[in-house]
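# Coordinates in review
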Amino acid sequence: MKLFQKNNRAAAALATVAMIGTPALAQDNDLKIGFAVSLTGYLAPYDTPTVEGAQIAIKELNENGGAAGQFAIEAMVRDVRSDTVQTSIVVQELIDAGADVIVLPCDDDPAIAGGLVAQDAGIPMFSTCATNASLTAAIGDFYFVNYVADIVQGATLAQFAREEGLSNAYLLVSPETTYTGNLPLYFGEVFETLGGSVVDTGTYSFGQQDFSAEVTQIASLNPQPDVIMTSAYEPDFPAFLRQLRAAGVTAAVYGSDGIDSPTTSGLGDVSEGVVFTNAGFPVEGTRLAAFFDAYAAHYDRPLSNSFAATGYDMMLVISEAIRVAGGTDGAALRDAIANTDGLEVSTGEISYLDRNRVPARSVSLNRITGGAITHVDTRVIASDLLPESK
Amino acid sequence: MRGGLVILALLCLGAAGLAAIVGAPAVANTISYFLIVVVLVTGLGIYVGNTGIVSFGHPSFMGIGAYLTAILVMPDARKGALFPNLPDVLAGISLHPLVGLLVAAVFVGLVGLILGMALSRLNGASATIATLGVLIVVHSLMVGGTTFTRGAQAVYGVPKVVTPFYAALAATAVIILANWFKFSKWGLLARAGREDEAAASASGISIFLSRTLAFSVSTFVMALGGGLFALQIGVFSPSEFYFGITFSLLAMLIVGGANSTTGAVSGALLITLLTEVLRRVEPGFELGGISVPALFGLTTIGTSLALIATLYLRPEGLFGASELDDVLPFKKHRVAQTYPASEVTKATEGALAVRNLTKTYGGVTAVSDATLELKRGEILGLIGPNGSGKSTFLSCASGVQRFDRGEVAIGDKTMPQAKPNAFAHAGVGRTFQNIRLFGRLSVEENVAAAMAAVPSNRARQVHEVLARVNLEDLATRTADTLSYGQQRRLEIARALAIDPAFLLLDEPAAGMNDTETAELAGIIASLRNIEGLGILIVDHDLPMILKLSDRIAVLNEGRLIAVETPEEIKRNPEVAQAYFGERRNTGADNQTPEFQPTTVET
């Protein structure tokens, strides 16, 4: 869910996002996508690139006749300011304006608040990058997870850790968000299912800086963990990692997409060997690499994370669903999305079939080697390995 | 009911009517939320406005209200899934939303009462910092208290039953409640405490109690707003009740004017309108062929500019401390004018006695072993050069300041130290050297606050007390706007409002012209002659002191050097020396020098 680029050129990007999104004329045969997203506030770093990626897909699709080659796509982009109430109001406005699909912000509260409105109206919806799979239950059958769910990242990391021969895990969680609180626990569950054992679980607070208590606890564990799993991100992750290595703990450190940031690879020796997942790594010659190039060409700046790609993919899923459904009827679209199976998208394959609206999509495993991020593997986890979302 | 209140109520109901006319669900949502914000800002204003203490902690109570309402109202099945660890008592009930809302709000109001007791012992900035602590602690409890919450995870599936009409009813009720509290006895006392703590204590006002009640009432309203929020949006998590909403609500309160209910409502209205306009402009638009590009973030910029503009141009907010009633030609609000007699035990005989009083500041002895009695029915002048200890003596004798040795007694009852409140209740009224009125309160409110705070054995009327100092025609004027002499007289009226046996006047004639001084002297003399008060006057206006006083006490370097009649004082060589630094001895006939009754600038 969380990627943390400090700059994000947000202001400049915002204007662009909005301007290029509205050329398509409303026709009978059109598809209106209502983006109730956060272009300002704490969610802007995630929602903005997702919308940017979606805009590229919309442009490409419209150049070829629209979604499914016949439904001209109109993007209605509204800023909800990372605010729960505003999301619920804006979603209603977008529905009143005729939206056929709704895109929601990247965090649970606003996604649920807006989602409940769209659910009542029977309109299919995605969150840009909310990774809590429980939202499908909280909102209802018109809601689809788009980004890699926490359960998927946790399970993928656990599977990989077992493949690496690691058997004792320590989990570091923070209950302050579901992402930092639950993702390591999903890892632990799958890790144990696959024969590993969780030796202990520690808790930290956002911004605590001093991790000596946790590090001392880890150093004194018997048996020593050979892998430490956390979803901490900046500034907590670098602080923790430095203090951990300074204390002489050599266990492998696994993290999730929250540390997919230049900061992590720039930490020097301490970050050597750190493993983390994200939604895709642009390996040379792949479709994702091509998307990264297309993004750079379109926005005249390089792409620094995978949110834009998953935003692009979302539009491809919608386009395919509208082809299958043959129109923009909400229920038909919902069923078509739910039956998506093995669709080729920029990050690999995506399937919603039999996954309870949490997509099976590729997850990249990456390792920091010599101060650079190297791609280890891209895989789609089997659904029977997924833990139940909390 | 008064005009202003009717207009505010009509505004709320009119907003709900607008939602009904337009019919679009999005408009209904916007209006419902606006009305809930009115509830919240007004609730915050009940505390911030009446006590003058900025609170960052109030969204905590909104949060507790939201959680409690959700738990009480949600259907059993869903509750079981979301809150598996809930105690059976809570897990099994599913109340009507209105009942759940009120139960939650009353519970939070009681929590607020207890917490208010702790908070109200702090003043100014320390109280504000403490509310910040409340915000952070409650947020941590919400995240950590997973028996009653879902930790950081969202609570969802709260029945969305709030319509614009219900929200309008709630907002109207809260506006009426806020207005009622503001002008109630406790609201009046809290506002007096806000204006001047020292003067409020000396007028017998328990700042602690009034603040605690204001806190409790405002937390009740915040919980109501929180519950409505939950029943309107249907989903929330602890992050909804943290810094974000704290600053939004405070911004609205500051823009509108924290010290008035009208201000709170207008702040909410103004910021909401501004936001609604700006967010429609944000995505860019075409106007007469000109294409205006998108500029997201405009709403935030707009509200920030509104806040800055307010702080620059109208630091007190749009409405300041005034209500709609004050600017409308309808009937003005008046405080209760009559205060009935009640059973109180006060010493009815005996003097205000200061015995062997010694007070030192570090190594400096300000008052040394001073013994002085103020009898009922006498005017006692207290004079002495600058720095002789007059003000210190008065502060100790009126219970404002602690002292090192000695005692102060009223009749046969020894008074506690540094408890000005207790002195007021025992019948000691006082004024201050530098005027300390409840500046933004009306003239009659200044008097009524003291009257309401200190019960008396006899019935009192506000206008009677004002008439005593010739201010009855100015009853509804704001105290700040009075002339200097009028302010001095109002201070005396406020001291008289507690039905005192003793009156301590600290330089009552300072800065007055001759006419004003003469008028004042007449008033003071009548208080002794008609009311039989014992009056202690500290002043530099020697002609007035000599003319008025039955006895005069002279302090020099902290010691009482004489307590005599004015005639004796005039001839006392030691007094002359204290004032002029030398004996005016002509030498030849060794005649006692006569003290010159002129105003001495010291």
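Quantities reported herein were computed from a predicted structural model and do not represent experimental measurements.

### With respect to the nonpolar core
Within the largest apolar cluster, 316 residues are counted, with the highest numbers of intra-cluster contacts made by Ile 102 of chain A together with Leu 35 and Val 39 of chain B. It is helix 2 (residues 25–51) of chain B that provides the largest number of residues to this core, a total of 16 residues. Residue contacts for Leu 35 of chain B: discarding those within four places in its chain leaves Cys 12, Ala 15, Pro 164, Ala 167, Ala 168, Ala 170 and Ala 171 of chain B.

### Thoughts on helix 2 (residues 44–63) of chain A
Because each turn of an α-helix spans 3.6 residues, side chains separated by three or four positions end up pointing in the same direction. Residue and element names in this part refer to chain A. Taking 1.5 Å of rise per residue, the 20 residues of helix 2 would be expected to cover 28 Å, and the 28 Å separating its terminal C-alpha atoms lies within 8% of that figure. Burial analysis of helix 2 places 16 of its 20 residues in the buried class, which makes it a mostly covered element. At the C-terminal side of helix 2, Gly 65 shows a positive phi close to 95 degrees.

### Overview of the domain arrangement of chain B
Residue and element names in this part refer to chain B. Partitioning chain B into structural domains gives domain 1 (3–239) and domain 2 (351–427 + 500–602). Computed from C-alpha atoms alone, the centre-to-centre distance between domain 1 and domain 2 is 52 Å. Taken residue by residue, the interface counts five residues in domain 1 and six residues in domain 2. Partitioning the side of domain 1 that touches domain 2 into residue classes produces one nonpolar, four polar and no charged.

### What about the domain arrangement of chain A?
When the parts of a complex come together, some accessible area is lost, and that lost area is often used as the size of the interface. All names here are of chain A. Structurally, chain A comprises domain 1 (10–147 + 284–358) and domain 2 (150–278 + 364–385). The C-alpha centroid of domain 2 is placed 30 Å from the C-alpha centroid of domain 1. Counting residues at the interface gives ten residues for domain 1 and nine residues for domain 2. Here the side of domain 1 that touches domain 2 is built from residues that sort into one nonpolar, five polar and four charged.

### A word on the sheet that holds strand 11 (residues 428–430) of chain B
Residues and elements named next belong to chain B. The strand order across the open sheet formed by six strands is 11-13-14-8-15-16, and the pairing between neighbours is mixed. Each end of this open sheet is capped by a strand with a single partner; those strands are strand 11 and strand 16 (559–564). Here the strands of the sheet are splayed against their neighbours by 20 degrees on average, with no regard to which way each runs. For strand 11 and strand 13 (residues 502–506), the ladder comprises three bridges, and the chain directions are parallel. Bridging from a neighbouring strand, Val 428 pairs with Phe 502 of strand 13. Set on the sheet, helix 16 (residues 390–397) makes contact with strand 8 (379–383), strand 13, strand 14 (534–538) and strand 15 (551–556); between it and strand 13 the angle comes to about 150 degrees.

### Focus on the interface of chain A and chain B
Tallying the contact residues gives 28 residues for chain A and 30 residues for chain B. Within the residue set of the side of chain A that touches chain B, elements represented by two or more residues are helix 1 (10–20), strand 2 (72–79), helix 3 (84–96), helix 4 (108–121) and helix 7 (178–193) of chain A. Sort the elements by how many residues they give to the side of chain A that touches chain B and helix 3 of chain A lands first, with seven residues. In terms of residue class, the side of chain A that touches chain B is made up of 13 nonpolar, seven polar and eight charged.

### Some thoughts on helix 11 (residues 287–299) of chain A
Residues and elements named next belong to chain A. Over its 13 residues, helix 11 extends 18 Å from the first C-alpha to the last, a length consistent with the 18 Å expected when each residue adds 1.5 Å. All of the buried residues in helix 11 are Leu 288, Phe 291, Phe 292, Tyr 295 and Tyr 299. Each buried residue of helix 11 sits inside an arc of 105 degrees when the element is viewed along its axis, so together they form one side. Facing away from the buried surface of helix 11 by more than 90 degrees, the exposed residues are Ala 290, Ala 296 and Ala 297.

### Description of the packing of helix 1 (residues 3–22) of chain B against helix 2 of chain B
Residue and element names in this part refer to chain B. One can describe the packing of helix 1 onto helix 2 by two numbers: an axis separation of 9 Å at closest approach and a directional angle of 170 degrees. In terms of their interaxial angle, helix 1 and helix 2 are classed as roughly antiparallel. On helix 2, the residues that touch Cys 12, Ala 15, Ala 16, Leu 18, Ala 19 and Val 22 of helix 1 are Val 27, Ala 28, Ile 31, Phe 34, Leu 35 and Val 38.

### Re the environment of Ala 251 of chain A
Residue and element names in this part refer to chain A. Within the element layout of this structure, Ala 251 appears in the loop between helix 9 (236–246) and strand 9 (252–255). Judged by C-beta crowding, with 18 C-beta atoms within 10 Å, Ala 251 ranks as partly exposed. Separated by 54 residues in sequence, Ala 251 and Ser 197 have C-alpha atoms that sit 14 Å apart. Excluding residues that lie within four positions of it along the chain, Ala 251 makes contacts with Gln 224, Pro 225, Asp 226, Val 227 and Ile 228.

### Quick look at the sheet that holds strand 13 (residues 360–361) of chain A
Residue and element names in this part refer to chain A. If you trace the three strands from one edge of the open sheet to the other, you get 11-12-13, paired in antiparallel fashion. Edge positions in the sheet fall to strand 11 (343–345) and strand 13, since each has one partner strand and no second. In this structure, strand 11 lies alongside strand 12 (residues 348–351), joined through three bridges in antiparallel fashion. Within the sheet, the bridge partner assigned to Glu 344 lies in strand 12 and is Glu 349. Strands strand 11 and strand 12 of the sheet are contacted by helix 12 (residues 307–325), whose axis makes an angle of about 150 degrees with strand 11.

Quick notes on the rules
Residues numbered from 1 in each chain as written. Chains lettered and ligands numbered in written order. Predicted model: local features only at pLDDT ≥ 70, side-chain atom pairs only at ≥ 80, totals over all residues. Core = buried A, V, L, I, M, F, W, Y, C linked by C-beta atoms within 7 Å. Buried ≥ 20, exposed ≤ 12 C-beta atoms within 10 Å, placed from the backbone. Helix = DSSP H or I, 4+ residues; strand = E, 2+ residues; numbered from the N terminus. Contact = placed C-beta atoms within 7 Å. Expected span 1.5 Å × (residues − 1). Domains from an automatic or database assignment. Nonpolar A, V, L, I, M, F, W, Y, C, P; charged D, E, K, R; others polar. Pairing = 2+ DSSP bridges. Axes fitted to C-alpha atoms, helices over the stretch in contact; angles between N-to-C directions. Arc of directions from axis to C-beta. Parallel < 35°, antiparallel > 145°, perpendicular 65-115°, else oblique.

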